[in-house]
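Listed below are the residues making up each chain.
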Amino acid sequence: MQEIPNSTLFKKLQILGLLLSFFLSAAQELPPVVNYGPNQYSAGNQNWMIDRGESRNLYFANSNGLLEYNGERWNLYPVPNKTIVRSLKVVGDRIYTGAYMEVGFWEANELGELEYTSLVSKFENIKDGEQFWDIEYVDDIIIFRSFAGIYFYNPQKESLQMLDTPQGKPVSAIYKFEGELYYQLVGNGLYKLENGVSIEVIPFSVLKDRNVIHLYNKTENGFSLIIGNAEFYKWNGKELEAFNITLSDKLGRPNVLDVVNLTSGNIVLGTVGKGIIEISPDGKILNNFDQSNILMNNTVLDLFLDRSGNVWAGLDYGISSIELSSTFKSFQDNRGEIGSVYTSLKIGADLYLGTNQGLYIKNENSSKFELIQGTNGQVWFLDVFEGKILAGHDKGTFLIEGTTASKISNRLGTWVVKPFFDDIYIQGHYNGISFLKKTQGSLVSLPLLRNFPHSSKFIEVDRDKTIWVGNEHKGVFRMLLNDSLTQVNHIKNYKFENESGVTSSIFKYADSLYYSSKNHIYQYDRKEDRFRANNNVNRLTASHDRISGKMIAGGDGLLWGFTEDGIFYVEPSRLSKDYESNFIFLNQDFRNVALGYENIRELENDTYLLGIGNGYITFNKNQTHRNYEGVEVTIDGIAISAIDSSSVKVDKNSSGEFKFASNNINFQYSAPVHEKFLNPYYSYRLLGLSDKWSDWNRNSEVSFKNLDYGDYTFEVKARIGEHITETSHYSFTINRPLTLSLPALIGYTIIFTLILFGVHLYNKKHHRKKLEENARSLKMKNLEAEKEIIRLRNEKLEQDMVNKNRELAVSTMSLIKKNEFLTAIKDKLKDSDNNNQVRSVIRTINKDISEEDNWKFFKKAFSNADKDFFQKVKDAHPELTTNDLKLCAYLRLNLSSKEIAPLLNISVKSVEIKRYRLRKKMNLDRETNLTEYILSL
């Protein structure tokens, strides 16, 4: 046997340790890790230091400046000289940073943005090329460390003082340990500062050239320390004692740049080339995070432990957050070695995974999952019956014994295997049902059931051997078979109208059979022989927006379902005969398994394995998420803008008053939750616009456009798991537009008043004019009425005149006739004997003809008809006699001489003579007709 030299043996052990570490990491179940790449946070690759503020915002010393992260958004703030930020420390509201030839602090202004104040002017002399690598805070003093020295800055006094270090050697590191400041000098020992005096703790003669990275576990006589090459020592006040030597050898003594202590007592190392390593107090490697399994880079520049127990890693490329305190563990198949997990089973120390690539096994002591030979292909089902492990496979049914598999049923795909009765097992295939029979310790495949060619993905069996089959397209079948199990004696198909059968399932829970679609869960009612949606399980799960009809009833009394945001389980209530539901937030984006193929299996003691698209997740159902009672939602930024213009940030700490033109407003808000499987959801409302809260959503900003003038209050709250935060709010006012401003309204009022006054004057004038017109109109109407009255009166007078003229004419004609008659009698009497009696009669006739009473009668009648005539004639011709007036009256009546003669009891010739004489008296010329003249008077 050849003896291997010690040096060669050591190197081979090192290589073996590295390989073991690699394989452990390759098959390792890791706590949740979230990676942030430079493209995501839009800054430089390297992140040199990390700290967190009172607001839970995280800050990173980035190669491009100070990087801020509030859980929703990243903000980068370059230092004035645009150099790499090497160090930072959050103290109260200030973020102190150190960079190349630059040191200072940042404070948030009223807009929520960080503003920088340089402290370089307070340094008496900064050496050319000096960089500030560390910042600590001890006893209200800010401590900056460069290789050139240690500087103390007093924020209250705004004074700066440099520490006089022994021998003036460069300072390689400073440490805040148990509230005290330690530092190490290059080529010198480790010192502690007490009352401003440097006291040597470990002399260089003992420490030698070891580069101290971390101090921890202080004891009465000393403490423990970790050296830059991953070596562990204890200092007892006199000497250094190495420990965890095996661990250092196993790690390969990588270069360690930072270390953090966990509250559990574990230690986390950030290395160069080996990623992040978590070790227990007794020196065991618990977790190894590197580029082969989860990290973006293997070089860790800084580690930071936040108050939630998350470890943040500043990498040479990117940032990582590790939830070491989470009960969630995940195996992520980044290389595609096992594929999507469809089923799982743990037997003792062996874990079996049925995936879309085959059946895999891993022992607790194994380094990786191994594919069981002959099982290549999709594995749908795993379970153990009487100590025998059966696997439903795309190629049939397999019996699994340790790491070997033997096909016992060569059918076209086996979905499921269930006990039937006695030594018989029922199998659901792609194209029907068959059975397995246990014979002399072996399982024998029986023929396929005749006349039932339907896919049988889900099967349940009653005690009376009734078989229930769930089919995604046909609904549910209930069957009774013959004794030889070769054909169906009775079958009934239950269909579900208006339900999509895709991803549906059937299951038994609490001695009841259920059919589940994506939207409803139906319970079978044996008395009515039908499925009813009116049941407690359906009512309880109705509040969950399930993404699949797949429901899984476990042997532990839990019923599992799946939603977009997570998974839930139903269990019997502890206080009643009803059920209660519990939710575990685990977003579908992380599960990413095909819908309808969800799977979950209890491993042990409330720990479950959930198959996902690229591996699996394990968790304890009773310890899934942290307490987020202290988390608050904050409004990070407010910006206003006019239409088609750039936005302007405004003070978020006081109420705003904005011009109407700037009536578009944007709010950004956040709730800092740094958990991989749990995201905050937000709801908001704008009082003054609507009292209704928005639906919960992941958007961390909202904009309101074209708001009307008025008073508004924006309110936002966050939901983190089951916890809902207090409401944050911001009040603001949109001023009236210029056209509706107070001066404008006053102007409008004045103008309106003037218009009203003008209208009043106009109306008054118009009214007056109208009154005048009405008066005139009334007057005209009165005049017209009077005219009408006069007209009517005149008409009456005319009518009276006509009547009187008619009477006058009648009277005149009667008188003429009478006189003519009497004249005729008189003429005849003259021709008779002229005796006394005749003469007497003639005298009587003459007397009657010339009777004055006749004239008076005539004159009266004539005056009634033409009363002013005689006066007119007298006025015109006063010299006329009564007889002349008589003739004028007769002429006025347009009587001829012949008609006048009887009236005057004279001859016609005498009448003519009278007419002549009358013309003479009236001085009428020959051309004037006497009758026409008299008629014209």
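Our structure's up above, just so we're on the same page.
Residues numbered from 1 in each chain as written. Predicted model: local features only at pLDDT ≥ 70, side-chain atom pairs only at ≥ 80, totals over all residues. Heavy atoms only, no water.

**Here's the deal with a nonpolar patch on the surface**
At step 1: A contiguous nonpolar surface patch, about 420 Å² in accessible area, is contributed by Leu 742, Ile 746, Ile 750 and Leu 754.
At step 2: Along the chain, the position of Ile 750 falls in helix H7 (residues 742–831).
At step 3: Assessed through its relative accessible area of 48%, Ile 750 is described here as partly exposed. (Patch = residues over 30% accessible without salt bridge, like charges linked within 9 Å, V, L, I, M, F, W, Y side chains within 5 Å. Areas by Shrake-Rupley, 256 points an atom, 1.4 Å probe, with all protein chains shown as cover. Salt bridge = Lys/Arg side-chain N within 4 Å of Asp/Glu carboxyl O. Helix = DSSP H or I, 4+ residues; strand = E, 2+ residues; numbered from the N terminus. Buried < 20%, exposed > 50% of the residue type's maximum accessible area, 1.4 Å probe, protein only.)

**Some details on the packing of helix H11 (residues 882–892) against helix H12 (residues 897–904)**
At step 1: Two numbers describe how H11 lies on H12: the axes approach to 10 Å, and their chain directions differ by 140°. With respect to H12, the element H11 is oriented oblique. Considering the relative orientation of H11 and H12, their crossing is right-handed. Contact residues: Lys 886, Leu 887, Tyr 890 and Leu 891 in H11; Ile 900, Leu 903 and Leu 904 in H12.
At step 2: Per-class residue counts for the contact of H11 with H12 are 6 nonpolar, no polar and 1 charged. (Axes fitted to C-alpha atoms, helices over the stretch in contact; angles between N-to-C directions. Parallel < 35°, antiparallel > 145°, perpendicular 65-115°, else oblique. Left-handed = near helix turned anticlockwise from the far one by under 90°. Contact = heavy atoms within 4.5 Å. Nonpolar A, V, L, I, M, F, W, Y, C, P; charged D, E, K, R; others polar.)

**Points about the environment of Leu 301**
At step 1: Position of Leu 301 relative to the elements: it lies in strand S26 (residues 300–305).
At step 2: For Leu 301, a relative accessible area of 10% gives the class buried.
At step 3: Considering only alpha carbons, one finds Leu 301 and Asp 258, 43 residues apart in sequence, at a separation of 7.0 Å.
At step 4: Contacts of Leu 301, omitting those with residues within four sequence positions, involve Gln 46, Asn 47, Trp 48, Leu 257, Asp 258, Gly 314, Leu 315 and Asp 316.

**Some words on the nonpolar core**
At step 1: The biggest cluster of nonpolar side chains holds 39 residues, and the ones touching the most others in it are Ile 665, Phe 667, Phe 714 and Phe 732.
At step 2: Setting aside its immediate chain neighbours within four residues, Phe 732 contacts Gly 656, Phe 658, Ile 665, Phe 667, Leu 686, Leu 707, Gly 710, Asp 711 and Tyr 712.
At step 3: Of all hydrophobic cores here, the second largest spans 29 residues; its members include Ile 424, Leu 449, Val 461 and Met 479. (Core = buried A, V, L, I, M, F, W, Y, C linked by side-chain atoms within 4.5 Å.)

**Observations concerning empty space enclosed by the protein**
At step 1: Under the criterion given, the structure shown has 5 cavities of 30 Å³ or more.
At step 2: The computed volume of the second largest cavity comes to approximately 80 Å³.
At step 3: The wall of the second largest cavity is formed by Asp 565, Phe 585, Asn 587, Phe 677, Leu 678, Asn 679, Tyr 681, Arg 719 and Gly 721.
At step 4: Here the residues of the lining of the second largest cavity sort into 4 nonpolar, 3 polar and 2 charged. (1 Å grid on protein atoms, 1.4 Å probe; cavity = no way out; pocket = protein on both sides within 12 Å on 5 of 7 lines; lining within 4 Å. Points joined across faces, edges and corners; volume = space filled by probe spheres on them.)

**Details of H11**
At step 1: Within H11, 9 of the 11 residues are buried, which leaves the element mostly enclosed by the surrounding structure.
At step 2: Note on H11: the residue one or two positions beyond its end, Asn 894, has a positive phi of about 55°.

**Focus: the pairing of strand S23 (residues 267–272)**
At step 1: Most of S23 sits out of view: 5 of its 6 residues are buried.
At step 2: The pairing of strand S22 (residues 255–261) with S23 spans 6 bridges and is antiparallel. Across the sheet, Asp 258 pairs through a bridge with Gly 270, a residue of S23.
At step 3: Adjacent in sequence and paired antiparallel, S22 and S23 are bridged by 5 residues, among which Gly 265 carries a positive phi angle near 100°.
At step 4: Connecting S23 to the next strand, strand S24 (residues 276–279), in antiparallel fashion are 3 residues, including Gly 273 with a positive phi near 95°. (Pairing = 2+ DSSP bridges.)

**Here's the deal with the packing of aromatic side chains**
At step 1: One pass over the full model with this rule turns up 69 aromatic pairs.
At step 2: Judged by centre distance (6.3 Å) and plane angle (75°), the ring pair of Phe 667 and Phe 704 falls under edge-to-face. In this pair, Phe 667 sits in strand S60 (residues 664–670) while Phe 704 sits in strand S62 (residues 701–704), placing the two residues 37 residues apart along the sequence. Accessibility classification places Phe 667 together with Phe 704 in one group, the buried group.
At step 3: Summarising the aromatic geometry, the rings of Tyr 712 and Phe 732 are spaced 5.4 Å apart at their centres and angled 20° between planes, so their arrangement reads as stacked. Remark: Phe 732 occurs in strand S65 (residues 728–734) and Tyr 712 occurs in strand S63 (residues 710–720); sequence separation between them is 20 residues.
At step 4: Taken together, the ring pairs in this structure connect Phe 658, Phe 667, Tyr 669, Tyr 682, Tyr 684, Phe 704, Tyr 712, Phe 714, Tyr 730 and Phe 732 into an aromatic cluster.
At step 5: When the ring centre of Phe 105 is taken as origin, the NZ or CZ atom of Arg 94, which lies over that ring, is 3.8 Å away.
At step 6: Of note, Lys 362 hangs over the ring of Phe 369, and the distance from its end group to the ring centre comes to 6.0 Å. (Phe/Tyr/Trp six-rings, centres within 6.5 Å; stacked < 30°, edge-to-face > 60°. Lys NZ or Arg CZ within 6 Å of the ring centre and 35° of its normal.)

**Concerning the side chain of Asn 70**
At step 1: Among the structural elements, Asn 70 can be located in the loop between strand S4 (65–69) and strand S5 (74–77).
At step 2: In terms of polar contacts, Asn 70 uses its side chain to reach the side chain of Asp 636, at 3.0 Å.
At step 3: Residues within four places of Asn 70 in sequence aside, it is in contact with Asn 57, Asp 636, Ser 670, Ala 671 and Pro 672. (Polar contact = N/O pair within 3.5 Å; in protein donor to acceptor, adjacent residues only side chain to side chain.)

**Description of the sheet that holds strand S34 (residues 379–385)**
At step 1: Pairing within the open sheet is antiparallel, and its 4 strands lie in the order S34-S35-S36-S37. Of all the strands in the sheet, the pair left with one neighbour each is S34 and strand S37 (404–409). Direction aside, the axes of adjacent strands within the sheet are offset by 30° on average.
At step 2: Both strand S36 (residues 396–401) and S37 contribute to a ladder of 5 bridges, which runs antiparallel. Opposite Thr 397, over in S37, you have Ser 409 as the bridge partner.

**Describing unusual backbone geometry**
At step 1: With phi around 60°, Lys 82 is a residue other than glycine that occupies positive phi space.
At step 2: Structurally, Lys 82 is set in the loop between S5 and strand S6 (85–91).
At step 3: For Thr 503, which is not glycine, the phi dihedral falls at a positive 70°.
At step 4: Among the structural elements, Thr 503 can be located in the loop between strand S45 (488–494) and strand S46 (505–509).
At step 5: With a relative accessible area of 9%, Thr 503 lands in the buried category.

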